[in-house]
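# Architecture at a glance
Listed below, chain by chain, are the residues.
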Amino acid sequence: FWETSLSACALPTIILLALHCRRRPTIASWLLLGSSAAIAALINPALLPTLLAIMGWTAWQTRRIARVAPLVGLLALLLLFAPWPIRNACRFHAFVPLRSTAGFELWMGNRPGATGFLDESLFPMYNRKELASYVAKGEVAYTGDKSTQAWQYICAHPAIFLDLSLRRCFRFWSGTGNVDSPRIDELHALLTSILGFVGVVFLYRNRRKAFALLMALPLLLFPLPYYITHAEFRYRLNLDPLLTLLAAYAVTQLAAACSRPRPTPQSPALPT
């Protein structure tokens, strides 16, 4: 859970730095944004697509006054993140840009008997058969084989894959991705999810379209890998601070709308 806690802290920090960079699009600001994004991606590689999208949003917002600075920020991200795939190439003798277990995670969620929930009994550390295969093939070949099996199953059973993905999508946002989820966690997840998206809508309606898009990017991009693998509650915790802020904004807007006095209809003038 240390990684989840750091990721949950890193994502709002990156958004704050992006807003700072939009106000002051200097090379120093972009260096800070790119370096922080690299550190966040090293903590949790699943954040990388979201981080790149946030940097793209910032570059678009400052496109008229800063053209070189965004490239400096992107270069900082690449330089700081590069040692990880280089290390993987040296260790595994293969190109592994993020995590080597991606194929295995995909297979766990898409195989005969899959329910969309995580089945820890399939991990090699708990399963002797899988461990023997892992040892015999090596990590790269083992996960590559699992990836091939997963894609073959998906292509052979597209309707089942779609059904499982829709279930995982619902479980991600409702906090029901664990078999034994506490009811309080599910209630919290469901409320903040609904109110969080309502908050994005209020931002858009209140003519803060650019900021609404910035806040929507993590909500749209980050969960995508979990829709096709498995969606435990802890993955949603990465978005929890943003959803809580958006939910609070939605509550204030709804309260203001409810407390706003309604105009009373005027009586028709009596004939004189």
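In what follows, the structure referred to is the one given above.
Residues numbered from 1 in each chain as written. Predicted model: local features only at pLDDT ≥ 70, side-chain atom pairs only at ≥ 80, totals over all residues. Heavy atoms only, no water.

## Regarding the overall build of the chain
Per the secondary structure count, the chain includes 14 helices and zero strands. Along its sequence from the N terminus, the chain presents helices and strands in the succession α-α-α-α-α-α-α-α-α-α-α-α-α-α. Seen through its principal axes, the chain has C-alpha atoms that stretch 100 × 45 × 35 Å. Counting every position in the chain, which comprises 272 residues, the buried fraction comes to 43%. Considering only contacts within the chain whose residues lie at least 6 apart along the sequence, 72% involve residues at least 24 apart. Carbon and sulfur atoms provide 68% of the accessible area of the chain, an area that totals close to 15600 Å². Computed over 26 positive and 13 negative side-chain charges, the separation of the two mean positions in the chain equals 16 Å. (Helix = DSSP H or I, 4+ residues; strand = E, 2+ residues; numbered from the N terminus. Buried < 20%, exposed > 50% of the residue type's maximum accessible area, 1.4 Å probe, protein only. Contact = heavy atoms within 4.5 Å. Areas by Shrake-Rupley, 256 points an atom, 1.4 Å probe, with all protein chains shown as cover. Lys, Arg positive; Asp, Glu negative; His and termini not counted. Charge placed at Lys NZ, Arg CZ, Asp CG, Glu CD.)

## Considerations on the layout of surface pockets
In this approach, a probe sized like a water molecule rolls over the atoms, and the result shows the empty space that is left. Approximately 1200 Å³ is the volume found for the largest pocket. For the largest pocket, the lining is made up of 43 residues, of which Arg99, Thr101, Glu105, Tyr226 and Tyr235 are closest to its centre. The greatest single-element share of the lining of the largest pocket, amounting to five residues, is contributed by helix 8 (residues 139–156). Residue classes in the lining of the largest pocket are distributed as 24 nonpolar, 13 polar and six charged. Taken as a whole, the second largest pocket spans an internal volume of roughly 200 Å³. Contributing to the lining of the second largest pocket are Thr101, Phe104, Glu105, Phe123, Pro124, Met125, Tyr134, Glu139, Tyr142 and Thr143. Secondary-structure elements contributing two or more residues to the lining of the second largest pocket are helix 6 (102–109) and helix 8. When its residues are assigned to classes, the lining of the second largest pocket shows six nonpolar, two polar and two charged. (1 Å grid on protein atoms, 1.4 Å probe; cavity = no way out; pocket = protein on both sides within 12 Å on 5 of 7 lines; lining within 4 Å. Points joined across faces, edges and corners; volume = space filled by probe spheres on them. Nonpolar A, V, L, I, M, F, W, Y, C, P; charged D, E, K, R; others polar.)

## Brief notes about the environment of methionine 108
Tracing the chain through its elements places methionine 108 in helix 6. Judged by relative accessible area, methionine 108 falls into the buried class, the value being 3%. Setting aside residues no more than four positions away along its own chain, methionine 108 makes contact with Ala114, Leu118, Asp119, Leu122, Phe123 and His230.

## Points about the pattern of salt bridges
On inspection of all chains with the given rule, the structure shows seven salt bridges. With its nearest N and O atoms 3.1 Å apart, the salt bridge here joins arginine 167 to aspartate 163. Pair noted here: arginine 167 and aspartate 163 are both in helix 9 (residues 158–174), with a separation of four residues, about one helical turn. For arginine 167, a relative accessible area of 38% puts it in the partly exposed group. With its nearest N and O atoms 3.0 Å apart, the salt bridge here joins arginine 236 to aspartate 240. Aspartate 240 matches arginine 236 in its accessibility class, with the two residues each being buried. (Salt bridge = Lys/Arg side-chain N within 4 Å of Asp/Glu carboxyl O.)

## Thoughts on the nonpolar core
Formed by 46 residues in total, the largest nonpolar core has its most connected members in Phe172 and Leu239. By residue number, the principal contributor to this core is helix 1 (residues 2–23), which donates eight residues. Setting aside residues no more than four positions away along its own chain, phenylalanine 172 makes contact with Phe222, Pro223, Tyr226, Tyr227, Ala231, Tyr235, Arg236 and Leu239. Counting residues in each nonpolar core, the second largest holds nine residues, with Phe104, Trp107, Phe123 and Ala150 among its members. (Core = buried A, V, L, I, M, F, W, Y, C linked by side-chain atoms within 4.5 Å.)

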